[in-house]
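The lines below spell out each chain.
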Amino acid sequence: MATMTAPVAQRRADAPALIDEYGSCTWAELDRRVNRLIRALRAAGLGRGDRIALFAGNSRAVFELMAAASHAGIVFVPVNWHFTVDELAHVLADSGAVGLFTDARFAAVAVQALARVPAAGARLRACALLGPDDVCPPGFQPFEALIAAQPDDSEPADPSAGGPMFYTSGTTGNPKGAVYSHRGAYLAALANALTFGLDHRTSYLWTLPMFHCSG
């Protein structure tokens, strides 16, 4: 399993790991789902250094994608879900994203943005609609189907560190992508966890948007 969560999955297999408005999953289930998702991204042709855009609200699925990317050497780009069609189109073109994941609330904007940037749509190798809605726009597939297509939930070979790429507010022009140092981001998170006394027994309420670096 992903090294950042493996110790907790081993100690607390049946304890809740993630909870959102659609349901919950245990640490053991999170283990299996992230492993399958890593395999799904690789099967779609994504590899180290590739980028995926996450244009969706806070959810278990977004967290699973971030965890999978972080252990497959993939850079994930959390996109502000308030972005207009033109703003999202800029991020898709500028980031060079080869994967796009959205949910039903923002699917219409995602489809229109892709239409504005034909080159971005042509290079995409993975598009999925997050959440329980199975009615997908053309070119997208249900997120659960993406995971279910990979029956092997064992730990994938050759793990590699990925990380986030946040876009600036764009106050002096178009938003600009800033790729975090993988090691730096990890050490900063570890330092914050130790400062606030967080450990495997802690429940964390994620109230800030996942697209914001303060999350």
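In this report, the structure presented in the accompanying data block is examined. (Residues numbered from 1 in each chain as written. Predicted model: local features only at pLDDT ≥ 70, side-chain atom pairs only at ≥ 80, totals over all residues. Heavy atoms only, no water.)

1. What to know about the packing of helix H2 (residues 27–43) against helix H3 (residues 60–70)
One way to put it is that H2 packs onto H3 with a least axis distance of 9 Å and a crossing angle of 65°. As for the relative orientation of H2 and H3, their crossing is right-handed in sense. Where H2 approaches H3, its residues Leu-30, Arg-33, Val-34, Leu-37, Ile-38 and Leu-41 are matched on the opposing element by Glu-64, Leu-65, Ala-67 and Ala-68. Split into classes, the residues belonging to the contact of H2 with H3 amount to 8 nonpolar, no polar and 2 charged. (Axes fitted to C-alpha atoms, helices over the stretch in contact; angles between N-to-C directions. Helix = DSSP H or I, 4+ residues; strand = E, 2+ residues; numbered from the N terminus. Left-handed = near helix turned anticlockwise from the far one by under 90°. Contact = heavy atoms within 4.5 Å. Nonpolar A, V, L, I, M, F, W, Y, C, P; charged D, E, K, R; others polar.)

2. Quick word on the packing of aromatic side chains
One pass over the full model with this rule turns up 4 aromatic pairs. Seen from their ring centres, Trp-81 and Phe-211 are 4.9 Å apart, and the 85° between their planes marks the pair as edge-to-face. Placement of the pair is Trp-81 in the loop between strand E4 (75–78) and helix H4 (85–95) and Phe-211 in the segment after helix H8 (182–195), with a sequence separation of 130 residues. Phe-211 gets classed as buried once you look at its relative accessible area, which sits at 15%. What links up through ring pairs into an aromatic cluster is the set Phe-55, Trp-81, Phe-106 and Phe-211. (Phe/Tyr/Trp six-rings, centres within 6.5 Å; stacked < 30°, edge-to-face > 60°. Buried < 20%, exposed > 50% of the residue type's maximum accessible area, 1.4 Å probe, protein only.)

3. Considering the packing of H4 against helix H5 (residues 107–116)
Contact geometry of H4 with H5 gives a least axis separation of 8 Å together with a crossing angle of 60°. Comparing the axis directions of H4 and H5 gives the class oblique. Considering how the two elements wind past one another, H4 and H5 form a crossing that is right-handed. Note on element contacts: H5 touches H4 through Val-109, Ala-110, Gln-112, Ala-113, Leu-114 and Arg-116, opposite Val-85, Asp-86, Leu-88, Ala-89 and Leu-92. In the contact of H4 with H5, the residues fall into 8 nonpolar, 1 polar and 2 charged. (Parallel < 35°, antiparallel > 145°, perpendicular 65-115°, else oblique.)

4. A word on unusual backbone geometry
Positive phi, close to 55°, is recorded for Asp-158, a residue that is not glycine. Classification of Asp-158 as exposed rests on a relative accessible area of 55%.

5. What to know about the pattern of salt bridges
In the structure shown here, the tally under the stated rule is 8 salt bridges. Glu-64 serves as the salt-bridge partner of Arg-33, at 2.7 Å between the closest nitrogen and oxygen. Taken together, the residues Arg-33 in helix H2 and Glu-64 in helix H3 connect sequence positions 31 residues apart. Note on accessibility: Arg-33 and Glu-64 belong to one class, buried. When the shortest N-O distance is used, the salt bridge between Arg-39 and Asp-152 registers 3.5 Å. Residue Arg-39 is located in helix H2, and its partner Asp-152 is located in the loop between helix H7 (143–148) and strand E8 (163–167); the two are separated by 113 residues in the primary sequence. One salt-bridge network, held together by shared partners, links Arg-33, Glu-64 and Glu-144. (Salt bridge = Lys/Arg side-chain N within 4 Å of Asp/Glu carboxyl O.)

Fair warning: the whole summary comes from geometry, so function is off the table for now.
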